[in-house]
Amino acid sequence: MRFDLVDLHLFIAVADERSITRGAVRAHLALASASARIKGLEQTFGAVLLRRGRRGVELTAAGESLLDHARIVIHNVDAMRGDLAAYASGVRASVHLLANTSGLSEHLPKALAAFLREHPDINVDVEERESTDIAAAIAIGAADLGFAAEHALPDNVERFRFSEDRLILVAPRRGEFAGRRQIDFQELTTCDFVGLTNSIALQGHIAKHASRLGMRLRFRARLRDFDAICLMVAADVGVAVVPEAAARRCARSMPIMMIKIRDPWANRRLAICARSFKALPRPAKQLVEHLRKAAQ
């Protein structure tokens with residue numbers, strides 16, 4: 001078989017963009033060169049990888065299989081490059097960890113800081129993703145470890161529970177919800193919201209469930225920080241949905257109240273996951289053992 005990493009990078013780009021033209025731009029290749037490389041891959045494997053249509057391309061079953069393998073190969077090559085570069089700089093290893101918004105902001109920092117202090121020879125590369133994306137990436141081996149909502153993980157992904165992550169409605173103490181302890185999310189249809197920016201994974205989670213209820217949330221402001229969001233709520237700009245840990249922290253110094261959201265999607269269990277804990281590189285295994293001890 002004759003193909004190279006450029007071919008694999010191109011195929012991933014085309015699959016992600018569902019377009020050979022946009023995939024070529026993303027892979028920094030001319031369209032003619034990209035088309036020739038895709039045809040070369042199909043000839044090499046003896047199978048049609050893409051169905052070409054007026055609106056772009058769709059992956060065949062063979063294409064889906066190649067995409068899974070290509071992601072694993074590219075991840076392993078990137079890990080190899082990173083580890084060897086780390087050796088050159090005096091650091092011996094790195095771990096690639098995907099985490100959802102709550103994990104990244106509220107649950108992981110303390111545990112990761114302690115691990116990094118104890119292991120100065122290991123780097124941890126943390127990337128924010130939505131839980132469903134983390135599950136998919138871990139299943140195909142595109143990262144070492146994941147920190148995600150347990151309900152999003154498929155059966156073939158190993159995991160252990162790390163913490164609870166209830167999402168809470170925060171509202172001004174003297175607002176229309178004064179005295180409420182619980183609420184159904186659908187009751188908030190007419191409310192103004194303060195939310196996270198669209199690029200943050202948790203906002204996608206909230207928006208998805210709002211859409212399922214037929215709700216279109218009205219946002220007065222979008223911010224990247226839970227403390228800033230709670231400050232806006234305290235100033236009576238709107239209500240917000242934040243992790244309970246962040247809400248409790250902010251409620252100690254801000255005039256806000258916490259209201260339990262009764263909807264099942266608001267109560268999440270967070271888990272550390274991997275394709276196989278036994279198959280992890282030694283640095284990742286060390287991080288797993290540290291996180292097991294730190295699990296609540």
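In this report, we go over the structure that sits alongside the text. On a predicted model such as this, the values are computed, not experimentally measured, just so you know. (Residues numbered from 1 in each chain as written. Predicted model: local features only at pLDDT ≥ 70, side-chain atom pairs only at ≥ 80, totals over all residues. Heavy atoms only, no water.)

1. Structural notes on the pattern of salt bridges
For side chains bearing opposite charge, pairing can occur when the charged atoms are close. Applied cut-off: In what follows, salt bridge is the name for a side-chain nitrogen of Lys or Arg lying within 4 Å of a carboxyl oxygen of Asp or Glu. Note on conventions: DSSP H or I runs of at least 4 residues are helices, E runs of at least 2 residues are strands, and numbering of each starts at the N terminus. Only protein chains enter the accessibility calculation, which uses a 1.4 Å probe; a residue is then buried when its area is under 20% of its type maximum, exposed when over 50%, and partly exposed in between.
Taken as a whole, this structure holds 21 salt bridges when the rule is applied. One salt bridge connects Glu164 with Arg269, and the closest N-O pair in it is separated by 3.7 Å. Remark: Arg269 occurs in strand β12 (residues 267-274) and Glu164 occurs in strand β6 (residues 158-172); sequence separation between them is 105 residues. Residue classification places Glu164 among the partly exposed positions, given a relative accessible area of 42%. With a relative accessible area of 42%, Arg269 lands in the partly exposed category. Residue Asp192 pairs with Arg218 through a salt bridge whose shortest N-O separation is 3.0 Å.

2. Remarks on the side chain of His205
Just so we agree on the cut-off: Contacts between residues were defined by any pair of non-hydrogen atoms, one from each residue, lying within 4.5 Å.
Position of His205 among the secondary structure elements: in helix α8 (residues 201-212). Residue classification places His205 among the buried positions, given a relative accessible area of 5%. Once residues within four sequence positions are removed from consideration, His205 is found in contact with Glu130, His151, Leu167, Trp265 and Arg268.

3. Observations concerning the environment of Val48
By secondary structure assignment, the location of Val48 is in the loop between α3 (31-45) and β1 (50-53). Put simply, Val48 and Gly63 are 15 residues apart on the chain and 7.4 Å apart in space, counted from C-alpha to C-alpha.

4. Remarks on the packing of helix α1 (residues 5-17) against α3
Quick note on the threshold: Interaxial angles span 0 to 180 degrees and are taken between N-to-C directions of axes, which are lines fitted to C-alpha atoms, for helices over the stretch in contact. Note that the term roughly parallel is reserved for angles under 35 degrees, roughly antiparallel for angles over 145, roughly perpendicular for angles of 65 to 115, and oblique for everything else. By the convention adopted, Pro, Cys, Tyr, Trp, Phe, Met, Ile, Leu, Val and Ala count as nonpolar, Lys, Arg, Asp and Glu as charged, and the other residues, Gly among them, as polar.
Taken N-terminus to C-terminus, the directions of α1 and α3 make an angle of 100°; their axes are 10 Å apart at the nearest point. With respect to α3, the element α1 is oriented roughly perpendicular. Contacts from Val6, Asp7, Leu10, Phe11 and Val14 of α1 reach α3 at Ala34, Arg37, Ile38 and Leu41. Of the residues assigned to the contact of α1 with α3, the class counts are seven nonpolar, no polar and two charged.

5. Some points on the pairing of β1
Here is the rule: Strand pairing is assigned whenever DSSP detects at least two bridges linking the two strands.
In this sheet, strand β2 (residues 56-59) lies alongside β1 in antiparallel orientation, the contact comprising four bridges. In the sheet register, Gly53 faces β2, and the bridge partner there is Gly56.

6. Overview of the layout of surface pockets
Rule in force here: Each cavity reported here is a set of points on a 1 Å grid over the protein atoms alone in which a 1.4 Å probe fits but cannot get out, each pocket an open set with protein on both sides within 12 Å along at least five of seven lines, and each lining residue one with an atom within 4 Å of a point. Grid points are joined across faces, edges and corners, and a volume is the space filled by probe spheres set on the points.
Approximately 830 Å³ is the volume found for the largest pocket. Among the elements of the structure, α1, α4 (61-88), β3 (93-99), β4 (122-128), α7 (131-139) and α11 (282-294) are those that each provide at least two residues to the lining of the largest pocket. For the lining of the largest pocket, the residue count by class is 19 nonpolar, nine polar and nine charged. Volume-wise, the second largest pocket comes out at about 170 Å³. Taken together, Thr101, Leu104, Ser105, Glu106, Glu128, Leu196, Ile200, Arg224, Asp225, Phe226, Asp227 and Arg249 make up the full set of residues lining the second largest pocket. For the lining of the second largest pocket, the elements supplying multiple residues, two or more each, are α5 (101-107) and α9 (226-234). With four residues, α5 is the single largest residue contributor to the lining of the second largest pocket. For the lining of the second largest pocket, the class distribution of residues is four nonpolar, two polar and six charged.

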